[in-house]
Amino acid sequence: MFRTLIAVLIIAMGSPSWAVQPDEILDDPALESRARDISAGLRCLVCRNESIDESNADLARDMRLLVRERLVEGDSNEEAVAFIVDRYGEYVLLRPTTEGANIILWVAAPVMFLIALGSALVYLRRRDTAPEADKDGLSADEKRRLKELLKE
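In this text, all values refer to a predicted model and were calculated from it rather than measured experimentally.

**Q** Please explain the overall build of the protein chain as it appears in this structure.
**A** A tally of regular secondary structure across the protein chain gives six helices and zero strands. Ordering the α and β elements of the protein chain from the N terminus gives α-α-α-α-α-α. The long-range fraction of contacts in the protein chain, counting pairs at least 24 apart against all pairs at least 6 apart in sequence, stands at 47%. Entry remark: accessible area of the protein chain is about 10,900 Å², with carbon and sulfur atoms responsible for 59%.

Structure follows, in structure tokens:
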């Protein structure tokens, strides 16, 4: 009865987590809130760009149940997330960590932007300082060569 009431309340509040089934919801509202917070940050490996809280895939359900099981056993949020990451890999995190090789992912975009901005500035400066061509765009040697070619 209590689980059904919580499920109805969550749906009535307009929560985006339609995928969570009433039989998954924990009796303790504090633990359920923690489970929802954790689930919102974990990627469904089937749907790719949805959190496990939003996904209807069987694997997402299994992951939601696993998170709740870890919380009931007394794990902290960080320990529960670490357990899931150890089991499924770091790809399961919707927000990758900024440690190790992932630092390349976080730094690459701003660095590429700065390189592009610098290249654009260099191009614009060189364009402004480039010597102007004649009105017809040919040098004296080019005009002479063009006359020779047209005579032949």
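**Q** Help me out: how do you make sense of the pattern of salt bridges in this one?
**A** Tallied over the full model, the rule gives seven salt bridges. Among the ionic pairs, Arg36 bridges to Asp53, the shortest N-O distance being 3.8 Å. With Arg36 in helix H2 (residues 29-40) and Asp53 in the loop between H2 and helix H3 (58-72), this residue pair connects regions lying 17 residues apart in the sequence. Given the relative accessible area of 12%, Arg36 is considered buried. If you follow the salt bridges from partner to partner, you end up with Glu32, Arg36, Asp53 and Arg68 in one network.

Definitions and limits used
- Residues numbered from 1 in each chain as written.
- Predicted model: local features only at pLDDT ≥ 70, side-chain atom pairs only at ≥ 80, totals over all residues.
- Heavy atoms only, no water.
- Helix = DSSP H or I, 4+ residues; strand = E, 2+ residues; numbered from the N terminus.
- Contact = heavy atoms within 4.5 Å.
- Areas by Shrake-Rupley, 256 points an atom, 1.4 Å probe, with all protein chains shown as cover.
- Salt bridge = Lys/Arg side-chain N within 4 Å of Asp/Glu carboxyl O.
- Buried < 20%, exposed > 50% of the residue type's maximum accessible area, 1.4 Å probe, protein only.

These values are about where atoms sit, not about what they do.
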